[in-house]
Amino acid sequence: MGAGSRYRSPLTTGAQYALSVGASVVTLTIPDSANACFINVKDSPIRFTFDGTDPTATNGFKGEVGDVVKLESRDEMRLLEMIREAGTATVDVNYWTEP
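The text that follows walks through the structure, step by step, so that each part is easy to find. (Residues numbered from 1 in each chain as written. Predicted model: local features only at pLDDT ≥ 70, side-chain atom pairs only at ≥ 80, totals over all residues. Heavy atoms only, no water.)

### As for the nonpolar core
Piece 1. Among the nonpolar cores identified, the biggest contains 19 residues, and L28, I39, M82 and V91 are the most heavily contacted of them.
Piece 2. When residues of this core are traced back to their parent elements, those giving at least two are strand 1 (16-21), strand 2 (36-41), strand 3 (46-49), strand 5 (68-71) and strand 7 (89-96).
Piece 3. Looking at which element gives the most residues to this core, the answer is strand 7, with four residues.
Piece 4. Those residues in contact with I39 that lie beyond four places of it in its chain are L28, D67, V68, V69, L71, L80, V91, D92 and V93. (Core = buried A, V, L, I, M, F, W, Y, C linked by side-chain atoms within 4.5 Å. Buried < 20%, exposed > 50% of the residue type's maximum accessible area, 1.4 Å probe, protein only. Helix = DSSP H or I, 4+ residues; strand = E, 2+ residues; numbered from the N terminus. Contact = heavy atoms within 4.5 Å.)

See below:
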């Protein structure tokens, strides 16, 4: 982020790198001070929901390899559920505190 960015620095604790997303639903471990996060889909597509319903390999929003998903509230992060489409997927999560 460049000068004048409206985001604070990423949190120094609580990032989840190489989080494995398999056949069972995966949720986030959210640091207390985080109110937003970026999720980078690394090596295999995922499906995700943040409305309280479970995703399946064919149901939910699709995250393609290289996509970055931004969740902008603690509620979205708390309700997020991810599952892989096939094989095992990996995501990196960086948590932020927005003003």
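### Here's the deal with the sheet that holds strand 3
The strands that make up a sheet are held in pairs by hydrogen bonds between backbone atoms, and each pair lies either parallel or antiparallel.
Piece 1. Strand order across the open sheet formed by three strands is 4-3-6, with antiparallel pairing between neighbours. Each edge of the sheet is formed by a strand with only one pairing partner; in this case those strands are strand 4 (61-63) and strand 6 (81-84). Strand-to-strand twist of the sheet, defined as the mean angle between neighbouring strand axes without regard to direction, takes the value 30°.
Piece 2. Of the pairings in the sheet, the one linking strand 3 to strand 4 comprises three bridges and is antiparallel in character. Paired with R47 across the bridge in strand 4 is K62. (Pairing = 2+ DSSP bridges. Axes fitted to C-alpha atoms, helices over the stretch in contact; angles between N-to-C directions.)

### Comments concerning the sheet that holds strand 7
Piece 1. Sheet architecture is open: four strands sit in the order 1-7-2-5, paired in antiparallel fashion. Across the chains shown, the open sheet's two edge strands, defined by having one partner strand only, are strand 1 and strand 5. Neighbour-to-neighbour, the strand axes of the sheet open up by a mean angle of 25°, direction not taken into account.
Piece 2. With six bridges connecting them, strand 2 and strand 7 associate as antiparallel partners. Paired with N40 across the strands is D92, a residue of strand 7.

Keep in mind these values describe shape, not function.
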